[in-house]
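# Per-entry structural report
Residues per chain are reported as follows:
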Amino acid sequence: MANSALEIVGLLLTLIGLIGAAASTGMPMWRVTAFIEENIIVFETRYEGLWMNCFRQADIRMQCKVYDSLLALSPDLQAARGLMCCSLALGGLGLLIAIVGMQCTSCIQNNRGKRLVLIIAGSMVLMACLCVLIPVSWTGHVIIRDFYNPLLIAAQRRELGEALYIGWVSSAFLFAGGCMFICCNLQSEGKGSERYMYSRDSNYMAYTPQPLQPQQLVLLPQPQPQLQPQPQPQPMLSRHPSTIYTNPSGYNSGYNSRYPSRYPSVHSGVAYL
């Protein structure tokens, strides 16, 4: 929402700057006669522009004449013609491209494509700003240099005209509009805000909230612990002879239980080996 508002502001600034640049291009008031020293004839004023020079008297309307040849102009005015025409072309094309890529229009559905289009439009507007600023500043520098040149007579000196001031102000508006178009759309893809487009023709149903139903608690059976079988003791063989002596013949077992034999049993011998 904030980007959309800034885009509209940038569009208005660019439009104002473009109108000012067009007015400065067509106005003949780039150089104006200076009334200094002996030149005190104030009822006649001479204007020099990009396309014509004009004379204006006190009670008579302005009379203008188109230049007969382009080569008759000074180098700064010749360059100003081409640069001002380029600024109008770049500014107008950038304005149309910006309208196509704005968030309030649906010419481009992809948000990334819209940002790219606005960055291109802002770059073109900044180039138009430079094309306005260069000739206006160049002409102003030449006028100020000739004004303080002691080799020129008073009738040859000129002053800054109204078209130069309009050109400086127009370049400022174009610069602000181009910066808004670029700065509002220079954001990373990860941090960019996602926008979702909804079609008006899509079928949708209104959701009616339903009351919550009480749910019954269900007790889950707990698993019974399984008893591990106890290991059975295994007979172990020992390397030491057994102290139990048995009768090898098995005769008189009662006697053996009361009086142990002095001979070891076979099992104890095997275990000892």
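See the structure above.
Residues numbered from 1 in each chain as written. Predicted model: local features only at pLDDT ≥ 70, side-chain atom pairs only at ≥ 80, totals over all residues. Heavy atoms only, no water.

## Thoughts on the sheet that holds strand 3 (residues 52-57)
Spatial strand order, 4-3-2-1-5: five strands in an open sheet with antiparallel pairing. At either margin of the open sheet sits one strand with a lone partner, and together these are strand 4 (63-66) and strand 5 (158-160). If you compare each strand with its neighbour and ignore which way they point, the axes differ by 25° on average. Examined bridge by bridge, strand 1 (residues 31-33) and strand 2 (residues 44-48) share two bridges and lie antiparallel to one another. For R31, the partnering residue across the bridge sits in strand 2 and is E48. Against the sheet, helix 3 (residues 111-147) contacts strand 1 and strand 5, and its axis sits at roughly 140° relative to strand 5. (Pairing = 2+ DSSP bridges. Helix = DSSP H or I, 4+ residues; strand = E, 2+ residues; numbered from the N terminus. Axes fitted to C-alpha atoms, helices over the stretch in contact; angles between N-to-C directions. Contact = heavy atoms within 4.5 Å.)

## A short note on the state of the cysteines
What the rule picks out here adds up to one disulfide. Here C54 connects covalently by a disulfide to C64, the sulfurs 2.0 Å from one another. The sign of the S-S torsion, about 110°, decides the handedness of the disulfide formed by C54 and C64: right-handed. Taken as a pair, C54 in strand 3 and C64 in strand 4 lie far apart in primary sequence, 10 residues in all. Between C179, a cysteine without a disulfide, and C183, which holds the nearest cysteine sulfur, the sulfur-to-sulfur distance is 5.5 Å. Of the residues examined, C179 reaches a relative accessible area of 24% and is grouped as partly exposed. Judged by its relative accessible area of 57%, C183 is exposed. (Disulfide = S-S within 2.5 Å. Buried < 20%, exposed > 50% of the residue type's maximum accessible area, 1.4 Å probe, protein only.)

## Points about the pattern of salt bridges
Overall, the coordinates contain six salt bridges when judged by the stated rule. Residue R158 is joined to E48 by a salt bridge in which the shortest nitrogen-to-oxygen separation is 3.5 Å. Highlighted residues: R158 in strand 5 and E48 in strand 2, separated in sequence by 110 residues. In this pair, the class of R158 matches that of E48, namely buried. A salt bridge links R145 to D146; the nearest nitrogen and oxygen atoms lie 3.6 Å apart. One network of salt bridges, with partners in common, ties together R31, R46, E48, D76 and R158. (Salt bridge = Lys/Arg side-chain N within 4 Å of Asp/Glu carboxyl O.)

## A short note on the pairing of strand 3
Note: strand 2 against strand 3, five bridges, orientation antiparallel. Bridged to T45 within strand 3 is R56. Where strand 2 folds back onto strand 3 in an antiparallel hairpin, the turn is made up of three residues. Pairing analysis gives four bridges linking strand 3 to strand 4, with the strands arranged antiparallel. Counted as the bridge partner of M52 is V66 from strand 4.

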